[in-house]
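Coordinate analysis (summary)
The residues making up each chain are set out below.
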Amino acid sequence: MKYEIKFNQININECKAVEGKTVVEFLQLFKVSKKNIHTLFEDKRVKLNHEIASRESIIKKEDSITIQLPKEEIDYACDNQSAQIVYEDDFVLIAHKDAGIIVHDEKSKLGTLANQVATYYAQTNQNLPVRYIHRLDEETEGLVFFSKISLFQPWFDEELKEKKVKRFYYAIVEGEMKIGKKQTICKPIGRNRHDAKKMIIASSGKEAITKIQCINSKNGLSLIQCELETGRTHQIRVHLSSIGYPIVNDEYYGTKTDKWKGMGLYAYKLEWHEIFTHEKRVITDPYLKELDYFK
């Protein structure tokens, strides 16, 4: 399928992939919520070949579908600093998060990445709600994925849940692992009953899977590439510590060291497929200059 967004509406053409489906089945395919589907038809904001569509209208391969998007507004307070944008298209925004800030807090508060994204939207005249698809720990630096159109946020949520949005991290750990070594860590993670801020390996915890590979080792440190198969709190930090390679300067699961500045965990790459064209996108973070140490 091909699409164009113009005058606050999406025009979708070349519908062979959804031929024979009803218009409501088409919307369900892209995870539009029941509430939003009801509102779209109630307000007559879905058209098939420029005519108001019913829920039961059947799509043919040569048809065009038009969805009038709801009017939206920026819903987080704007900060005095704009987000560093790594990638942007009609549906997706990828922002760089510095270490030391959180992804979001209450919408009226300041100092979060969500506030910075709100500022960017305001500066670029985009009246869009701030919708993050995943989060990073406060001391983790790197890429965060945002959905620009809230109607389709559930689609991206589902893509993440089904591991179709792939997240890759670099971890700087204590100890020199053999370069090239690969390992899949499958250890369940649960809450530490003695410290609510910490997680632990626990047989009663939730399934957690992390794939790792050592990229380089140098001066008592190793650069480890990590791919998340699940998204548990502190997953990479807990898993690496559990195999004897704690992340440097991790206050919960490692030790303080002068060998590296800050906690050595970086969300450096995201992969996903576009919602209508299904084209693959691979984005890496150009702001992680400290990793040049291992080149």
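This text gives an overview of the structure that appears in the document.

Reading guide: rules and limits
Residues numbered from 1 in each chain as written. Predicted model: local features only at pLDDT ≥ 70, side-chain atom pairs only at ≥ 80, totals over all residues. Heavy atoms only, no water. Helix = DSSP H or I, 4+ residues; strand = E, 2+ residues; numbered from the N terminus. Buried < 20%, exposed > 50% of the residue type's maximum accessible area, 1.4 Å probe, protein only. Contact = heavy atoms within 4.5 Å. Areas by Shrake-Rupley, 256 points an atom, 1.4 Å probe, with all protein chains shown as cover. Pairing = 2+ DSSP bridges. Salt bridge = Lys/Arg side-chain N within 4 Å of Asp/Glu carboxyl O. Arc of directions from axis to C-beta. Polar contact = N/O pair within 3.5 Å; in protein donor to acceptor, adjacent residues only side chain to side chain. Core = buried A, V, L, I, M, F, W, Y, C linked by side-chain atoms within 4.5 Å. Phe/Tyr/Trp six-rings, centres within 6.5 Å; stacked < 30°, edge-to-face > 60°.

Turning to the overall build of the chain, a few remarks are in order. When helices and strands are counted, the chain shows five helices and 16 strands. Overall, the C-alpha framework of the chain stretches about 65 × 40 × 40 Å when taken along its three principal axes. The 295 residues of the chain split such that 49% are buried. Expressed as a percentage of contacts within the chain between residues at least 6 apart in sequence, the contacts between residues at least 24 apart total 65%. Counting every atom, the chain has about 15000 Å² of accessible surface; 46% of that belongs to carbon and sulfur.

For the rest of this paragraph, the subject is the pairing of strand β14 (residues 221–228). Judged by how many residues are buried, β14 sits mostly within the fold: seven of eight residues are covered. In this sheet, β14 lies alongside strand β9 (residues 166–174) in antiparallel orientation, the contact comprising seven bridges. Bridge pairing links V173 to S222 in β14. Of the pairings in the sheet, the one linking strand β13 (residues 209–218) to β14 comprises eight bridges and is antiparallel in character. Bridge pairing in β14 links T210 to L228. The loop that links β13 with its antiparallel partner β14 comprises two residues; one of these, N219, has a positive phi angle of about 50 degrees.

Judged by pairing direction, the sheet is antiparallel, and its five strands sit side by side in the order β1-β2-β5-β3-β4 without closing on themselves. Bordering the open sheet on either side are β1 (2–6) and β4 (51–52), each of which pairs with just one other strand. With four bridges joining them, strand β2 (residues 9–13) and strand β5 (residues 65–68) adopt antiparallel strand pairing. Note on β5: the bridge partner recorded for I10 is I67.

As a further point, take the pattern of salt bridges. Applying the stated rule across the entire model yields 15 salt bridges. Ionic pairing is found between K2 and E14, a salt bridge with its closest N-O pair at 3.6 Å. On the criterion of sequence distance, the pair formed by K2 in strand β1 and E14 in the loop between β2 and α1 (23–29) is long-range, its members being 12 residues apart. For E14, a relative accessible area of 47% puts it in the partly exposed group. Between K295 and D292 there is a salt bridge; the shortest N-O distance is 3.2 Å. A relative accessible area of 81% places K295 in the exposed class. A single salt-bridge network, built from bridges that share partners, covers D75, K107 and R131.

A positive phi angle, near 70 degrees, is found at H50, a position not held by glycine. A positive phi is found at H278, a non-glycine position, where the angle reads about 65 degrees. Mapped onto the elements, H278 comes out in the loop between β15 (265–273) and β16 (280–284).

What follows deals with helix α4 (residues 153–161). Among the residues of α4, those classed as buried are Q153, W155, F156, E159 and L160. Viewed end-on, α4 has its buried residues packed into an arc of 160 degrees, placing them on one side of the element. At its buried positions, α4 is contacted by α1, β7 (92–97), β8 (141–147), β9 and β15.

Looking now at the side chain of T230. Mapped onto the elements of the fold, T230 is located in the loop between β14 and α5 (235–242). One polar contact links the side chain of T230 to the main-chain amide nitrogen of I209, over a distance of 2.9 Å. Among the polar contacts made by the side chain of T230, one reaches the side chain of Q235 at a distance of 2.8 Å.

Grouped together as the largest cluster of nonpolar side chains are 40 residues, with contacts concentrated most on F26, F152 and F276. At four residues, the largest contribution of residues to this core is made by α1. Judged by nonpolar contacts, the second largest core, of 34 residues, contains F146, A171, L228 and L240.

If you walk through the whole model with that rule in mind, you get 18 aromatic pairs. On the basis of an interplanar angle of 70 degrees and a centroid distance of 5.7 Å, the ring pair of F91 and F276 is categorised as edge-to-face. Taken as a pair, F91 in the loop between β6 (84–88) and β7 and F276 in the loop between β15 and β16 lie far apart in primary sequence, 185 residues in all. Under the relative-accessibility criterion, F276 is labelled buried at 1%. The interplanar angle of 85 degrees and the centroid separation of 5.2 Å between the aromatic rings of F145 and W272 together place this pair among those described as edge-to-face. Of the two residues, F145 is situated in strand β8 and W272 in strand β15; the sequence distance between them amounts to 127 residues.

Turning our eyes to something else, we now look at helix α2 (residues 34–42). Restricting attention to buried positions, one finds in α2 the residues I37, L40 and F41. Around the axis of α2, the buried residues are gathered within 90 degrees of arc, so they sit on the same side. Facing away from the buried surface of α2 by more than 90 degrees, the exposed residues are K35 and E42. Tucked into the core, α2 has its buried residues touching α1, β3 (46–48) and β5. Positioned one or two residues after α2, K44 has a phi angle of 55 degrees, which is positive.

These figures capture arrangement, not role.
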